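Structural overview for review
Now for the letters of each chain:
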Amino acid sequence: MNNKVCRTNIAYYIIQGFYWMSICVSNNYAAFYLQSRGYSNSQLGVILALGNIAGFILSPILASVVDRSKRISIYHCLWALLAVQGLLLVLFTLLPGKSLLVALFYCVYISVVVAVNPLNTELCFELSLWSRPVSYSPARGIGSMCYALMALILGQLTLRLGAGMLPFAGLFCLLGQSLPLAYICRTRRRAAALLPDGKSAKSGQAQGLGLLDFIRSNRRFCLLMLGIALIFFSYNIPDYFMINIARSVGGDEGDLGGISAFKAMMEIPVMLLYTKLTSRFRCSSVMRFAAFAFTAKAVALAAAGSIYGLYAANLFQALSFALMIPSMVQYVNLVVDHKDSAKGQALANGMMTLGAVFANFIGGSLLDILSVKSTLLIAAAVAFLGALACMFAVERKKA
């Protein structure tokens with residue numbers, strides 16, 4: 001039994017690893033892929049923004065269904081999202097050049113990839129109902145490790161093979177998520193069969209609130225989420241348009257892969273040690289600190305005048321993103337009722353997505369009319385406003 005529990009947890013870690021590899025393909029290399037098909041910065045900004053808007057809408061809808069339905073589970077939703085991704089990636093290999101259909105399909109692709117994240121987060125806690133508790137921060141650290149590895153590999157492969165290999169990389173990541181998810185589903189069915197009267201863990205849960213009732217009942221939490229949206233607006237401008245930033249200081253696609261990998265590597269030790277960190281500091285204190293670290297990173301990126309400067313600016317990734325992500329997941333579970341946890345995680349993820357939406361809409365246009373440095377300075381100012389909102393809205397909670 002202990003071996004089965006261990007294998008289940010390892011399967012979850014593998015899912016997180018391959019999911020963040022798929023994020024590297026779909027988001028980090030989106031600008032490179034769409035530019036190779038003939039889209040301008042403004043056009044790809046609109047495509048990515050619309051995709052993130054769809055993901056922003058889809059995530060809480062799926063979370064509300066999972067919280068309130070006794071028939072539809074996290075697993076049903078995950079399999080549906082993975083199936084749609086697989087179909088779209090195959091279509092990308094068949095449809096040539098620039099077209100409205102390619103743009104539409106990429107919007108849908110972004111939306112379903114985004115919608116997987118809060119379900120994966122909630123899956124971590126759902127596993128604790130019938131398996132040994134899984135710590136989210138090490139799993140997320142493994143995700144960053146795999147993201148870094150994928151970024152390095154894609155940096156070299158795209159130089160040699162071009163952007164056309166990216167859909168195949170996406171299919172590889174999809175397979176890596178599907179196999180361990182199938183193992184978890186099979187193990188869960190066997191565990192459910194051992195419960196009395198054939199009841200599942202979900203059947204005994206109370207129904208959660210509707211989405212609008214949840215927002216009305218958690219107003220301070222929702223105010224905090226607005227601050228998160230501002231922070232991730234500033235974070236996603238350089239994240240999505242790093243190829244433009246790298247080229248502005250003399251870099252190329254290879255540097256994009258190296259910087260992306262370096263950034264992810266900065267996250268790994270912090271996320272792996274996050275549980276020990278929060279044994280000494282409140283989750284709320286960590287979130288406040290991380291919020292202002294985002295501002296410091298944005299300023300450092302704007303000041304960078306070389307590839308080495310971009311690497312140096314991404315040292316702040318360890319103090320910003322690497323602290324904010326696990327602390328936000330933990331914070332949701334501290335302040336939101338358990339029966340509404342999927343909605344809370346979806347809303348938190350949705351605010352990050354909302355930041356990405358405006359980063360794509362506004363960032364692409366700013367880069368077309370302003371210099372890279374001016375765009376990054378605007379991002380830094382928005383990050384500071386988001387940090388102030390987080391400072392005043394976050395509640396003092398201890399794990």
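Everything quoted here is computed from the prediction, not taken from an experiment. (Residues numbered from 1 in each chain as written. Predicted model: local features only at pLDDT ≥ 70, side-chain atom pairs only at ≥ 80, totals over all residues. Heavy atoms only, no water.)

Details of the overall build of the protein
Per the secondary structure count, the protein includes 17 helices and zero strands. Here the protein holds 399 residues, and 59% of them are scored as buried. Contacts spanning at least 24 positions in sequence make up 86% of the contacts within the protein whose residues lie at least 6 apart. Of the roughly 16,200 Å² of accessible surface on the protein, 68% is carried by carbon and sulfur atoms. (Helix = DSSP H or I, 4+ residues; strand = E, 2+ residues; numbered from the N terminus. Buried < 20%, exposed > 50% of the residue type's maximum accessible area, 1.4 Å probe, protein only. Contact = heavy atoms within 4.5 Å. Areas by Shrake-Rupley, 256 points an atom, 1.4 Å probe, with all protein chains shown as cover.)

Some points on the packing of aromatic side chains
Applying the stated rule across the entire model yields 15 aromatic pairs. Ring plane angle 80 degrees and centroid distance 5.5 Å describe the contact between Tyr106 and Tyr109, whose orientation is recorded as edge-to-face. Of the two residues, Tyr106 and Tyr109 both sit in helix 5 (residues 100–127), three residues apart, roughly one turn of that helix. Put simply, the rings of Tyr33, Phe92, Tyr106 and Tyr109 pair up and form one aromatic cluster. In this structure, Arg140 packs its charged tip against the face of Trp20, placed 3.7 Å from the ring centre. (Phe/Tyr/Trp six-rings, centres within 6.5 Å; stacked < 30°, edge-to-face > 60°. Lys NZ or Arg CZ within 6 Å of the ring centre and 35° of its normal.)

Description of the nonpolar core
Tyr106, Ile228 and Phe232 are the most contacted members of the largest nonpolar core, which has 128 residues in total. The element best represented in this core is helix 5, accounting for 16 residues. Among residues more than four places away in sequence, those in contact with Tyr106 are Val25, Ser26, Ala30, Tyr33, Leu34, Ile47, Leu48 and Phe92. In this structure, Phe233, Ile237, Ala359 and Val382 belong to the second largest nonpolar core, which totals five residues. (Core = buried A, V, L, I, M, F, W, Y, C linked by side-chain atoms within 4.5 Å.)

Examining the environment of Ser137
Position of Ser137 among the secondary structure elements: in helix 6 (residues 136–161). Each C-alpha atom of the pair Ser137 and Tyr274 lies 6.3 Å from the other, and the pair is 137 residues apart in sequence. Excluding anything up to four places from it in sequence, Ser137 contacts Met271, Leu272, Tyr274, Thr275 and Pro326.

Looking at the packing of helix 15 (residues 321–335) against helix 16 (residues 341–369)
Following both chains from N to C, one finds helix 15 and helix 16 inclined at 145 degrees, their axes separated by 9 Å at the closest point. Helix-helix and strand crossings are classified by hand; for helix 15 and helix 16 the assignment is right-handed. Mapping the contact onto sequence places Ile325, Met328, Val329, Val332 and Asn333 in helix 15 and Ser341, Gly344, Gln345, Ala348 and Met352 in helix 16. A breakdown of the residues in the contact of helix 15 with helix 16 according to their chemical character gives six nonpolar, four polar and no charged. (Axes fitted to C-alpha atoms, helices over the stretch in contact; angles between N-to-C directions. Left-handed = near helix turned anticlockwise from the far one by under 90°. Nonpolar A, V, L, I, M, F, W, Y, C, P; charged D, E, K, R; others polar.)

A few points about the packing of helix 9 (residues 219–240) against helix 17 (residues 372–393)
Across the interface, helix 9 lies against helix 17 with an axial gap of 8 Å and an inter-helix angle of 160 degrees. The pairing of helix 9 with helix 17 is recorded here as roughly antiparallel in orientation. Handedness of the crossing formed by helix 9 with helix 17: left-handed. Across the interface between the two elements, Arg220, Leu223, Leu224, Gly227, Ile228, Leu230, Ile231, Phe233, Ser234, Ile237 and Pro238 from helix 9 touch Thr375, Leu376, Ala379, Val382, Ala383, Leu385, Gly386, Ala387, Ala389, Cys390, Phe392 and Ala393 from helix 17. Along the lines of polarity and charge, the residues of the contact of helix 9 with helix 17 split into 18 nonpolar, four polar and one charged. (Parallel < 35°, antiparallel > 145°, perpendicular 65-115°, else oblique.)

Observations regarding the environment of Ser365
You can see Ser365 is positioned in helix 16. Distance from Ser365 to Ser42, taken between C-alpha atoms, is 5.1 Å for residues 323 residues apart in sequence.

Some words on the pattern of salt bridges
Taken as a whole, this structure holds one salt bridge when the rule is applied. Its salt-bridge partner being Asp239, residue Lys263 comes within 2.1 Å of it at the nearest N-O pair. One end of the pair, Lys263, is in helix 11 (residues 253–272); the other, Asp239, is in helix 9, with 24 residues separating them in the sequence. Using a relative accessible area of 5% as the deciding quantity, one classes Lys263 as buried. (Salt bridge = Lys/Arg side-chain N within 4 Å of Asp/Glu carboxyl O.)

Notes on the side chain of Asn236
Assignment of secondary structure puts Asn236 in helix 9. Among the residues examined, Asn236 registers a relative accessible area of 6% and is labelled buried. Residues within four places of Asn236 in sequence aside, it is in contact with Phe241, Met352, Gly355, Ala356 and Ala359.

Examining the environment of Pro96
Secondary-structure assignment places Pro96 in the loop between helix 4 (74–94) and helix 5. C-alpha separation for the pair Pro96 and Arg37, spaced 59 residues apart in sequence, amounts to 8.3 Å.

Details of a nonpolar patch on the surface
Taken together, the side chains of Leu230, Phe292, Phe384, Leu385, Met391 and Phe392 present a nonpolar region at the surface, about 580 Å² in accessible area. Relative to the elements of secondary structure, Leu230 occurs in helix 9. Note on Leu230: relative accessible area 35%, which makes it partly exposed. (Patch = residues over 30% accessible without salt bridge, like charges linked within 9 Å, V, L, I, M, F, W, Y side chains within 5 Å.)

Describing helix 6
Helix length check: helix 6, at 26 residues, gives a terminal C-alpha distance of 36 Å against a target of 38 Å (1.5 Å per residue), a fit within 8%. With its phi angle positive at about 85 degrees, Gly162 sits one or two positions after the end of helix 6. (Expected span 1.5 Å × (residues − 1).)

Looking at the confidence of the model for the protein
Interpretation of the predicted coordinates at a detailed level should be avoided for regions scoring low in pLDDT. In this model, the protein carries an average pLDDT of 82, and 89% of its residues clear a pLDDT of 70 or more. Mean pLDDT across the secondary structure elements of the protein bottoms out at helix 8 (residues 211–217), with 68, and peaks at helix 4, with 92. Across residues 194–204, where pLDDT falls below 50, the model places 13 contacts with residues more than four positions away in sequence or in other chains. (pLDDT = per-residue confidence, 0-100.)

Quick look at the side chain of Ser59
Note on placement: Ser59 falls in helix 3 (residues 41–68). For Ser59, a relative accessible area of 2% translates into the label buried. Within polar-contact distance, the side chain of Ser59 engages the backbone oxygen of Gly55 at 2.9 Å. Sequence-distant contacts of Ser59, defined by excluding residues within four places in its chain, comprise Val114, Ala115, Pro118, Ala346 and Asn349. (Polar contact = N/O pair within 3.5 Å; in protein donor to acceptor, adjacent residues only side chain to side chain.)

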